[in-house]
Amino acid sequence: MRIVFMGTPEFAVPCLQAVIDAGHEICGVFTQPDKPKGRGYALAPPPVKELACRYGLEVFQPETLKDGAALSILQEKSPDAVVVVAYGKILPKAILEAPPLGCVNVHASLLPKYRGAAPIQWAVLNGEETTGVTTMQMDEGLDTGDMLLTAETAIDPEETSGQLHDRLAVLGAQTLIRTMEGLETGSLHPTPQDDALSCYAPMLRKADSPVDWNRTAQQAHNWVRGMSPWPGASTRYHGKTLKIHASRVCGECLGPAGELVEKDGRIFVCCGEGALELLTVQYEGGKRMPARDFFRGHPPQTKENLSAQ
């Protein structure tokens, strides 16, 4: 099959690799423009561009898809289908309608749940036990197109968003290849989404990182997992930001929500229900370290409350 691939971040790399390995003819790769990175702010290519260049594929990095130039490229390349994986740009109607087999998207949730930019993170933040990937025929809505194939996977209770991201990237690639095979043979039967079952997964912000200690210990633990690796769960301690990289749900805590409790060298935070043990933390301007080592050097006062900082 003749394909144009559109994708940008690391999540899309296994999909592009799978399409290459499956022997499809990739007549062009669209990705976001290079962006400044690192201390020197040197322009760095997106991960998809790096892979495409290793295979000598033609790469296009338009600033916009709305001026007709991208459509002209597509019409010139004449692909059978366009594959879109975390590209980061909205496709105009004219592009959606250009390829004979349509534009196929790989989305990291079991649609219609978690439409939007951060489905992996919100599945973990909300304590979901399962998630998966969905391939769909794109339309003009936000992740509203007819579903083609789904693949489900359990979420480990201790799994972070970063770990789940890596697993879903591989699962997405496998599901994409099955989808392309179905498109070629005409064996797929698109299924409309039930909008009544949908929910939105907005992009995370740094302002979302603080843990609400009034919630249950399980919910606080999910927040730590879901915010990893970015923007990272946090709280305030002695007037500075304390990031929480790893935690563990424990038993009851008799203190008010947010109160720090030290027992046998271990550090616990009382929650609205239960307690959360802090395992790995990082103080503002410092390195991440075991919580017991950090609090040995920065001991809490008696009945110190994180939520009051």
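Enquirer: Help me get a handle on the overall build of the protein, residues and values and all.
Expert: Helix and strand content of the protein: 8 helices and 15 strands. Each of the three principal axes of the protein carries a C-alpha extent, and together these read 70 × 45 × 30 Å. Restricting to contacts in the protein with at least 6 residues of sequence separation, those with at least 24 account for 65%. Total accessible area on the protein is roughly 15,100 Å²; 51% of this is exposed by carbon and sulfur atoms.

Enquirer: Explain the environment of A291 to me, and be specific about the residues and the numbers.
Expert: Looking at where A291 falls in the secondary structure, it is placed in helix 8 (residues 291-297). Excluding residues within four positions of it along the chain, A291 makes contact with L278, L279, T280 and V281.

Enquirer: How would you sum up unusual backbone geometry? Please name residues and give values.
Expert: In this structure, P229 follows S228 across a cis peptide bond, with omega equal to 10°. Counting through the fold element by element, P229 comes out in the loop between helix 7 (217-226) and strand 10 (233-237). With an omega of 5°, the peptide bond between W230 and P231 qualifies as cis. Topologically, P231 is positioned in the loop between helix 7 and strand 10. With a phi angle near 55°, H238 is a residue other than glycine that sits in the positive phi range. Of note, H238 is situated in the loop between strand 10 and strand 11 (240-250).

Basis of the calculations
Residues numbered from 1 in each chain as written. Predicted model: local features only at pLDDT ≥ 70, side-chain atom pairs only at ≥ 80, totals over all residues. Heavy atoms only, no water. Helix = DSSP H or I, 4+ residues; strand = E, 2+ residues; numbered from the N terminus. Contact = heavy atoms within 4.5 Å. Areas by Shrake-Rupley, 256 points an atom, 1.4 Å probe, with all protein chains shown as cover.

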